[in-house]
Amino acid sequence: MSTLLKIFNPATGQWLADVPADDARSVALKARAARAAQPRWAATPMTERLAAMRRFRASLGTGIEALAKTLTQEVGKPISQSRNEIKGVLGRIDFFIEQTESAVRDEHVFDDGAMHEQITHVPLGVVGNISAWNYPYLVGCNVLVPALLTGNAVLYKPSEHAALTGLHIAQLLHAAGFPTDVVQVVVGAADVGTALLGQPLDGLFFTGSHATGVRIAQALAPRLVKLQLELGGKDPVYVRADADPKSAAESLADGAMYNTGQSCCSVERIYVHDSLYDTFVEHFLATVAGFRLGDPMDGDTYIGAITRAPQLDVLDAQVADARSRGATLRCGGTRLPGPGNWYAPTVFTEVDHSMALMREESFGPIIGIQKVGDDDEAVTLMNDTRYGLTAGVFSRDEAHARELLSRVNAGTVYWNCCDRVSPRLPWSGHGDSGLGLTLSTHGIRTFTRPRAWHLRRP
Ligand code: NAD
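In this text, all values refer to a predicted model and were calculated from it rather than measured experimentally.

Thresholds, definitions, all that
Residues numbered from 1 in each chain as written. Predicted model: local features only at pLDDT ≥ 70, side-chain atom pairs only at ≥ 80, totals over all residues. Heavy atoms only, no water. Phe/Tyr/Trp six-rings, centres within 6.5 Å; stacked < 30°, edge-to-face > 60°. Buried < 20%, exposed > 50% of the residue type's maximum accessible area, 1.4 Å probe, protein only. Lys NZ or Arg CZ within 6 Å of the ring centre and 35° of its normal. Near = heavy atom within 4 Å. Polar contact = N/O pair within 3.5 Å; in protein donor to acceptor, adjacent residues only side chain to side chain. Areas by Shrake-Rupley, 256 points an atom, 1.4 Å probe, with all protein chains shown as cover. Helix = DSSP H or I, 4+ residues; strand = E, 2+ residues; numbered from the N terminus. Nonpolar A, V, L, I, M, F, W, Y, C, P; charged D, E, K, R; others polar. Domains from an automatic or database assignment. Salt bridge = Lys/Arg side-chain N within 4 Å of Asp/Glu carboxyl O. Pairing = 2+ DSSP bridges. Axes fitted to C-alpha atoms, helices over the stretch in contact; angles between N-to-C directions. Buried area = accessible area lost by both parts, 1.4 Å probe.

**Considerations on the packing of aromatic side chains**
According to the stated counting rule, one finds seven aromatic pairs in the structure shown. Their ring planes at 70° and their centres at 5.5 Å tell us that Phe95 and Phe96 sit as a pair that is edge-to-face. Judged by relative accessible area, Phe95 falls into the buried class, the value being 9%. With a relative accessible area of 1%, Phe96 lands in the buried category. Members of the aromatic cluster, each reached through a chain of ring pairs, are Tyr258, Phe291 and Tyr302. Directly above the ring of Tyr135 sits Lys77, whose terminal nitrogen or CZ lies 3.9 Å from the centroid.

In C-alpha cells:
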C-alpha cells in the first residue's frame, strides 16, 4: 500500500483523515488470502457463524453514537438519519440471523426407495462487494451479512466516500470473530475497484451508479462471473384523485428529500391528478419549507450536505434545463454558500418528460411535480423510463392501487408509502436499475449455488 486516500467532510470541506489505500499488488494478496481461508470458513458450523454475527450486531448496537458520528462526518448525512441507518441495519441482521439456516438447509425433494434426489446450497466461494456511500451500513451489510453466514469469503470495497465507515464495519466483524482473511477490506477509488475485478472471483455484488455497473459488467463478461448490480432509479409516484393530498404530500416530500435526496429509492418524479394538483403542491411546498437545513451534526437537521461535489453540477444542469423548457421553479434552484457542498431543496411544477429532471437520476434534494388527467396517463408516464427500481400509488382504494401497480415496471411497488426497504422482501431493479437482488430469503440463497444430487442406492 503506497498511496493515501484523503478524506474530507463534505459539509465543511475540512480534512478528516488520511487512510492507506490499496493498490493492485495488495488487492491480489488479499484475494489470495481470502481464497485460502474460504474452505475452512465454509466448514465452520453454522452455529459458530451465527454466534459471530450476533456479536457483530451487539457491537453495532452499543456503538451507534460513535459510528453515526463518523458516518455523518464523512458523508454529510444528518446525524439523526445516521443513527436511523445503523438502527435499520440491526433489524436486517436479525432477519438474516433468523432465516439463513433454514434458507440454505438441504432439500430432499424425491425418494422412491431406489433413487434419492437432493439439493444442497453451497457457498459461491470468494465474492467481491463493491459498495456505495449513500447508505454504507445498509448496502454494505445486505451483502456482507448473508455472504458470510452462508460460508463465503468477502473482499469488501467500501466507497472511497465512506471509507472510514467501511473500515469500522470490517473492524467490528473481525472483533466479533470473523477471520481477518475471510473478510478483507479493500480501500480506494475506481482504480482499486478495477484491481478487485481482476482477481479470481466467484461472484461480484455491486451497489452504485448505472455507468459503473455497466463498466463492471463489461469487465467481468468474458469470465462469466456471477454478477449482481444494484443501480440507480428515477422512481415515480402517482397521487390518484381519491388520495388525501395533505398526507400524500407530507409522505412524498420526505420520500424525495430524506438523506438529502441521495437514496437509490428516493422519490424522483411525482404525478398528481389534476383535481388535487394545486392543493397537493401547496402542502408539498409547506412541508419542504419546514425541513431544517444545516449542520449535519445537529440533531434537528433534516437536510444535510451533498456528499460528492460533482453532483452539484448535475443538479445545476437539471435546474437550468427545466427552467429553459418552461418548468416553474417553486423553491430553491441554487447551490448554497460553502464551505462544503450544499444545495437548496428545490421543487418544480409544470414539468414534462422533455426535461432531464424527469428522466435522469437527480440524486439530490430536487423534485418535479407533473399534472396528469387520468390513471392511464399516469401509468404511461411512470413507465416512460429506462429505470425500474420502485414505484408508488397514493389512493384510498386498494383494489385500484393494486391494479395500477401491477402495470408498472419496477422491482418494488408501494401503496400509500414510499422510500421504504424491508429485509423480508427482495430488493431488485428492472431495466437500468440492475440485475439480481438482495434481501429476503432469495437474497440469502443468492450467495450460494444449488447443487443437484442424484443418488441411486445399490
Ligand atoms: P459509483 O458508481 O460512483 O461508485 C460505487 C462504487 O464503485 C464505489 O465503491 C466506487 O469506488 C466503485 N467504482 C467506481 N468505478 C469503478 C470501476 N471502474 N470499477 C470498479 N469499481 C468502481 O456510485 P456511488 O456514487 O457510490 O453511488 C450512488 C449510486 O448508487 C446512485 O446511482 C444510487 O442510486 C445507487 N445506489 C443504488 C442502490 C440500490 O440498492 N439499487 C443503493 C444505493 C445506491
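**Some details on the site of the ligand**
Surveying the vicinity of the ligand reveals 29 residues, the closest of which are Glu160, Ser209, Thr212, Leu231 and Glu361. Between the ligand and Lys157, the relevant distance is 2.8 Å, taken from an oxygen atom to a side-chain nitrogen or oxygen of the residue. Within the backbone of Gly208, an N or O atom sits 3.1 Å from an oxygen atom of the ligand. Summarising the interface, the protein chains cover 92% of the accessible area of the ligand, which totals 860 Å² for the free molecule. Broken down by secondary-structure element, the contributors of at least two residues to the shell around the ligand are α7 (190–197), β8 (203–207) and α8 (210–220). Its residues assigned to classes, the shell around the ligand comprises 14 nonpolar, 10 polar and five charged. Shared between two domains, the shell around the ligand holds at least three residues of each, these being domain 1 (4–230 + 431–456) and domain 2 (235–415).

**Quick word on the pattern of salt bridges**
Per the counting criterion, the structure on display carries 22 salt bridges. The residue Asp111 makes a salt bridge to Arg457 at a minimum N-O spacing of 3.0 Å. Of the two residues, Asp111 is situated in strand β3 (residues 107–111) and Arg457 in the segment after β22 (448–456); the sequence distance between them amounts to 346 residues. The salt bridge partner of Arg386 is Asp432, with a shortest N-O separation of 2.6 Å. With a gap of 46 residues between them, Arg386 in the loop between α12 (375–382) and β17 (390–394) and Asp432 in the loop between β19 (427–428) and β20 (434–435) connect regions that are remote in the sequence. If you follow the salt bridges from partner to partner, you end up with Arg240, Asp242 and Asp375 in one network.

**Concerning the sheet that holds strand β4 (residues 115–123)**
Taken in spatial order, the three strands make up an open sheet running β3-β4-β22, and their pairing is antiparallel. If you trace the sheet from one side to the other, it starts and ends with β3 and β22, each paired once. The sheet shows a mean angle of 20° between the axes of neighbouring strands, taken without regard to direction.

**Observations concerning the domain arrangement of the protein**
Segmentation of the protein into domains returns domain 1 (4–230 + 431–456) and domain 2 (235–415). Relative to domain 2, the C-alpha centre of domain 1 lies at a distance of 31 Å. Carbon and sulfur atoms supply 55% of the area that domain 1 and domain 2 bury against each other, a total of about 2,000 Å² over both sides. Summed over the three residues of domain 1 that lose the most area to domain 2, namely Gln81, Trp133 and Ser433, the buried surface amounts to 26% of that side. Remark: the boundary between domain 1 and domain 2 carries one salt bridge. Our count for the contact surface shared by domain 1 and domain 2 stands at 15 residue pairs in polar contact (both at pLDDT 80 or more). The set of elements that each furnish at least two residues to the side of domain 1 that touches domain 2 consists of α3 (64–75) and α4 (79–103). Here the side of domain 1 that touches domain 2 takes five residues from α3, the largest share from any one element. Of the residues assigned to the side of domain 1 that touches domain 2, the class counts are seven nonpolar, 13 polar and four charged.

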